[in-house]
Amino acid sequence: MLIILASFMFAACEQPAAENAGIIQRTDDLSAKVLDLATEYQNNSYELSRELYSDTVQTRFNSTAIDGLSDLIDGWKQQHVVFSDIKMSDPYVHTNYFSNGGIWSNFWFTWSATSNATGNQLEIRAHFDYKWEDGKIVVSQGFFADEEFNKEMAAAMTCLLYTSPSPRD
């Protein structure tokens, strides 16, 4: 019985080599471009983003979906209104070149900033994935604990509501 159980365990761990074979590179051109995009975001500048992202990029930050580059950049600009001193530290990136032609860059970092609404300082570990096709990012996925980030975004929106002139003014 133990031998049968062990054989099932080993069979379950096997993965088809043709689907998963590939090469991981840390010092390739695409990994360097991901780091350049991070620097650009921190500077609230998006020239390289307009060059490297597909206009129709599909983006998901945890459960929030964003369609298209224009909306993505608008969201980044809004973050720079809500937060100051945005930094991305401790970066690590590598790019996976799969045997089926798929190319994905994986990026880990610590995002930090100060909320302009509350003065709270945030520090959030994050992981992002970027799917490349024909030299463009066509899929972008971000995974991070977003509870504190969302609280600060909501606080900023509340401040805007109370400081905006009323329609009668």
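In this report, the structure presented in the accompanying data block is examined. The structure displayed is predicted, hence computed values, not measured ones.

Quick look at the overall build of the protein now. A tally of regular secondary structure across the protein gives six helices and seven strands. Listing each helix as α and each strand as β along the protein from the N terminus yields α-α-β-α-α-β-β-α-β-β-β-β-α. Across the 169 residues in the protein, those meeting the buried criterion constitute 36%. Summing over all exposed atoms, the protein offers an accessible surface of approximately 10,600 Å²; the carbon and sulfur share of this is 56%.

The pairing of strands in a sheet comes from backbone hydrogen bonds and takes either a parallel or an antiparallel form. Strand order across the open sheet formed by seven strands is β1-β4-β5-β6-β7-β2-β3, with mixed pairing between neighbours. At either end of the open sheet lies a strand with only one pairing partner, and these are β1 (22–25) and β3 (64–67). Adjacent strand axes in the sheet meet at a mean angle of 20°, parallel and antiparallel pairs treated alike. In this structure, strand β2 (residues 53–61) lies alongside strand β7 (residues 136–144), joined through five bridges in parallel fashion.

Counting 35 residues, the largest nonpolar core has Tyr53, Phe83, Phe107 and Trp111 as its most contacted members. Elements with a minimum of two residues in this core: α3 (29–42), β2, α5 (69–82), β4 (83–98), β5 (103–115), β6 (121–133), β7 and α6 (147–163). For this core, the leading source of residues is β6, giving six residues. Each residue touching phenylalanine 107, except ones within four places of it in the same chain, is listed here: Val34, Leu35, Ala38, Met88, Pro91, Tyr92, Val93, Ala126, His127, Phe128 and Tyr130.

Attention now moves to the pairing of β5. Taken across its 13 residues, β5 has ten buried, putting it largely inside the fold. Here eleven bridges tie β4 to β5, and the two strands are oriented antiparallel to one another. Among the inter-strand pairings, threonine 95 is bridged to a residue of β5, identified as serine 105. Following β4, the chain reverses through four residues before pairing antiparallel with β5; glycine 101 in that reversal takes a positive phi of roughly 100°. Note: β5 against β6, twelve bridges, orientation antiparallel.

Moving on: the layout of surface pockets. What the largest pocket holds in volume is close to 610 Å³. Together, 28 residues line the largest pocket, and Phe61, Trp76, Gln79, Phe128 and Phe144 are the ones closest to its centre. Tallied by class, residues from the lining of the largest pocket come to 20 nonpolar, six polar and two charged.

Quick look at the packing of aromatic side chains now. All chains considered together, the criterion is met by 13 aromatic pairs. Ring geometry for tyrosine 46 and tryptophan 76: centres 5.4 Å apart, planes at 20°, overall stacked. Within this pair, whereas tyrosine 46 is found in the loop between α3 and α4 (47–52), its partner tryptophan 76 is found in helix α5, the two being separated by 30 residues in sequence. Its relative accessible area of 3% is what places tyrosine 46 among the buried residues. A relative accessible area of 11% means that tryptophan 76 is categorised as buried. Relative to tryptophan 76, the ring of tyrosine 53 lies with its centre 5.7 Å away and its plane at 65°, an arrangement referred to as edge-to-face. With tyrosine 53 in strand β2 and tryptophan 76 in helix α5, the pair connects residues that are 23 residues apart, well separated along the chain. The same class applies to tyrosine 53 as to tryptophan 76, namely buried. Put simply, the rings of Phe61, Phe83, Phe107, Phe109, Trp111, Phe128, Tyr130, Phe144 and Phe149 touch in pairs and so form one group of aromatic residues.

Procedures and definitions
- Residues numbered from 1 in each chain as written.
- Predicted model: local features only at pLDDT ≥ 70, side-chain atom pairs only at ≥ 80, totals over all residues.
- Heavy atoms only, no water.
- Helix = DSSP H or I, 4+ residues; strand = E, 2+ residues; numbered from the N terminus.
- Buried < 20%, exposed > 50% of the residue type's maximum accessible area, 1.4 Å probe, protein only.
- Areas by Shrake-Rupley, 256 points an atom, 1.4 Å probe, with all protein chains shown as cover.
- Pairing = 2+ DSSP bridges.
- Axes fitted to C-alpha atoms, helices over the stretch in contact; angles between N-to-C directions.
- Core = buried A, V, L, I, M, F, W, Y, C linked by side-chain atoms within 4.5 Å.
- Contact = heavy atoms within 4.5 Å.
- 1 Å grid on protein atoms, 1.4 Å probe; cavity = no way out; pocket = protein on both sides within 12 Å on 5 of 7 lines; lining within 4 Å.
- Points joined across faces, edges and corners; volume = space filled by probe spheres on them.
- Nonpolar A, V, L, I, M, F, W, Y, C, P; charged D, E, K, R; others polar.
- Phe/Tyr/Trp six-rings, centres within 6.5 Å; stacked < 30°, edge-to-face > 60°.

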